[in-house]
Amino acid sequence: MTEHPKNEHHEITVLGAGLGGLALAAVLRRNGVNAAVHDLDASPTSRDQGGVLDVHEDSGQVALRAAGAFDAFRAAVHEGGDATRVLDRHGVTRLSDDGGNGRPEIARGDLRRVLLDAAGGDVRWGSKAVAVHPLAGGRHRVVFADGHELTTDLLVGADGAWSRVRPLLSPAVPEYTGVSFVELTLPDVAGRHPAIAELAGPGGMFALGDERGFLAHRDGTGALHAYAALRIGPDWLGSIDFTDAEAARSELLRHFADWHPALRALITEAPAPLVPRPIHALPRGHRWPRTPGVTLLGDAAHLMSPFAGEGANLAMLDGAELGAALLAHPGDVEAALAAYEAAMFPRAEAAAAMSAAGLEACFEPSGPDALVAVMRGFAGTPA
């Protein structure tokens, strides 16, 4: 059993060692300030961190530079991973982009490792917060599942979509967006499934039609991470027994009966498990009144659908900017939090609007037309 100090107190406590929490810890550490970071995972490698991320010049890359992690990030980039293809359900390519757009791709696990190294690796793993209580003077008490407690002058909720900290600030809860994913991973896709690899290309792929689709991306190991995606009711995923992989495949294939064989093969050839992922979002423009001694960042603050590629980038930028605000206002936590939130709220609202628009573009009944138009416009080429 881990021994915890009695009367444990920290100036800054961060719940969540995801990308945003680690960016905050790294910026502070680089400037001689320590933050106590807690995460419910048993270790940094106890679960799969998922697929790949494109890291944006004006957000994620800014944060990585502030954290002193940019060179390590560049060394871990998946070169060529920013290429993109958009297909229709018959496998016909409607748009092909070779990348070079300033948004290099990196495996999420590699990016977390880069930030963990920058933060000094000092995270209390297996430390699940089960309750948070406000105290006098803006301090808070945090209770963990193993029974230990601490108090803190500043509590930062970097603890994701179902944050334990958010109810201190806001009654908002994530709502179902109308879209559900089933996650599929094919190792060594080029060697084992060349037809799928040829269709998907070297980077990212969107295959869309009739409010359904596949979103896929090749990573640096040669694996293809994919999601079968449907605009469908909130109870659909719950009606499927995902412990029975073959039954789950059969139900999923039913929704893609007339799709190109290589696209259907994403379902038939992916080894178990098939992982359900309902997509939720917080209300667009979510914000809260300034509340002493506590704030949120990343998904805890502004969970959105993945259809603008902004979530992870904003989380890192939130962490870096919160760190910068604390450093700029030494001894005045409230001024720092007010400055951080004043910039974060409108930025997150704009990104959430982009995300909602991206979801609509991907799940138009007409198929990939709307997404192709958006991507051509983004690239500055004629639609």
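Report on the accompanying structure. (Residues numbered from 1 in each chain as written. Predicted model: local features only at pLDDT ≥ 70, side-chain atom pairs only at ≥ 80, totals over all residues. Heavy atoms only, no water.)

**Here's the deal with the overall build of the protein**
Secondary structure summary: the protein contains twelve helices and 16 strands in total. Taken against the 2.2 N^0.38 rule, which gives 21 Å for 383 residues, the C-alpha radius of gyration of the protein at 21 Å falls within 12% of a compact globule. Counting only C-alpha atoms, the protein reaches 60 × 45 × 35 Å along its principal axes. Relative to its 383 residues, the protein shows a buried fraction of 52%. A sequence separation of at least 24 residues applies to 72% of the contacts in the protein between residues at least 6 apart. For the protein, the exposed area adds up to about 16,400 Å²; of that, 52% sits on carbon and sulfur atoms. Across the protein, the 32 positively charged side chains and the 48 negatively charged ones have centroids separated by 1 Å. (Helix = DSSP H or I, 4+ residues; strand = E, 2+ residues; numbered from the N terminus. Rg over C-alpha atoms; globule rule 2.2 N^0.38 Å. Buried < 20%, exposed > 50% of the residue type's maximum accessible area, 1.4 Å probe, protein only. Contact = heavy atoms within 4.5 Å. Areas by Shrake-Rupley, 256 points an atom, 1.4 Å probe, with all protein chains shown as cover. Lys, Arg positive; Asp, Glu negative; His and termini not counted. Charge placed at Lys NZ, Arg CZ, Asp CG, Glu CD.)

**A word on the packing of helix 1 (residues 19-30) against helix 10 (residues 311-328)**
Put simply, helix 1 and helix 10 touch, their axes get as near as 7 Å, and they point 30° apart. In terms of axis orientation, helix 1 runs roughly parallel to helix 10. Note that helix 1 runs across helix 10; the crossing there is right-handed. In this structure, helix 1 uses L19, G20, A23, L24, V27 and L28 to contact helix 10, whose residues at the interface are A312, A315, M316, G319, A320, L322, G323, A324, L326 and L327. In terms of residue class, the contact of helix 1 with helix 10 is made up of 13 nonpolar, three polar and no charged. (Axes fitted to C-alpha atoms, helices over the stretch in contact; angles between N-to-C directions. Parallel < 35°, antiparallel > 145°, perpendicular 65-115°, else oblique. Left-handed = near helix turned anticlockwise from the far one by under 90°. Nonpolar A, V, L, I, M, F, W, Y, C, P; charged D, E, K, R; others polar.)

**Description of the pattern of salt bridges**
With the rule as written, the count across this model stands at 22 salt bridges. Among the salt bridges present, the one from E360 reaches R231, with a minimum N-O distance of 3.2 Å. On the criterion of sequence distance, the pair formed by E360 in helix 11 (residues 333-362) and R231 in strand 14 (residues 224-231) is long-range, its members being 129 residues apart. Judged by relative accessible area, which is 38%, E360 ranks as partly exposed. Between D318 and R347 there is a salt bridge whose closest N-O contact spans 2.9 Å. Here R347 lies in helix 11 and D318 lies in helix 10, a separation of 29 residues in the sequence. Across the pair, exposure class does not vary: D318 and R347 are buried alike. Taken together, the salt bridges that share partners define one network made up of D39, D41, R47 and R112. (Salt bridge = Lys/Arg side-chain N within 4 Å of Asp/Glu carboxyl O.)

**Some thoughts on the environment of H78**
Of note, H78 is situated in the loop between helix 3 (70-76) and strand 4 (84-88). Expressed as a C-alpha distance, the spacing of H78 and L303, which sit 225 residues apart in the sequence, is 26 Å. Sequence-distant contacts of H78, defined by excluding residues within four places in its chain, comprise E105, I106, P202, R218, D219 and G220. Of the polar contacts made by the side chain of H78, one reaches the backbone oxygen of R218; its length is 3.3 Å. (Polar contact = N/O pair within 3.5 Å; in protein donor to acceptor, adjacent residues only side chain to side chain.)

**Structural notes on the nonpolar core**
Counting residues in hydrophobic clusters, the biggest one holds 61 residues, and the most contacted among them are L64, F73, L111, L115 and M316. Element by element, the count of residues in this core is highest for helix 1, at eight residues. If sequence neighbours within four positions are ignored, F73 has contacts with V55, Q61, L64, P104, I106, L111 and V114. Of all hydrophobic cores here, the second largest spans 34 residues; its members include V189, M205, A228 and A262. (Core = buried A, V, L, I, M, F, W, Y, C linked by side-chain atoms within 4.5 Å.)

**Re the environment of A195**
Considering the arrangement of structural elements, one finds A195 in helix 6 (residues 194-200). Residues A195 and V86 lie 109 residues apart in sequence; the distance between their C-alpha atoms is 16 Å.

**Overview of the packing of aromatic side chains**
Under the counting rule described, the total for this entry stands at eight aromatic pairs. On the basis of an interplanar angle of 85° and a centroid distance of 5.9 Å, the ring pair of F181 and F307 is categorised as edge-to-face. Here F307 lies in the loop between helix 9 (299-302) and helix 10 and F181 lies in strand 11 (residues 175-186), a separation of 126 residues in the sequence. For the residue pair F181 and F307, the accessibility class agrees, reading buried in each case. An angle of 90° between the planes, with centres 4.8 Å apart, marks the rings of W288 and F345 as edge-to-face. (Phe/Tyr/Trp six-rings, centres within 6.5 Å; stacked < 30°, edge-to-face > 60°.)

**Remarks on helix 7 (residues 245-254)**
Among all positions in helix 7, only A245, A248, R249, E251, L252 and L253 are buried. Looking at the buried residues of helix 7, the elements they touch are strand 11, strand 14 and helix 8 (261-269).

**Structural notes on helix 1**
The terminal C-alpha atoms of helix 1, which comprises twelve residues, lie 16 Å apart, in line with the 16 Å expected from a rise of 1.5 Å per residue. All of the buried residues along helix 1 are L19, G20, G21, L22, A23, L24, A25, A26, V27 and L28. Within two residues after helix 1, G32 carries a phi angle of roughly 80°, on the positive side. (Expected span 1.5 Å × (residues − 1).)

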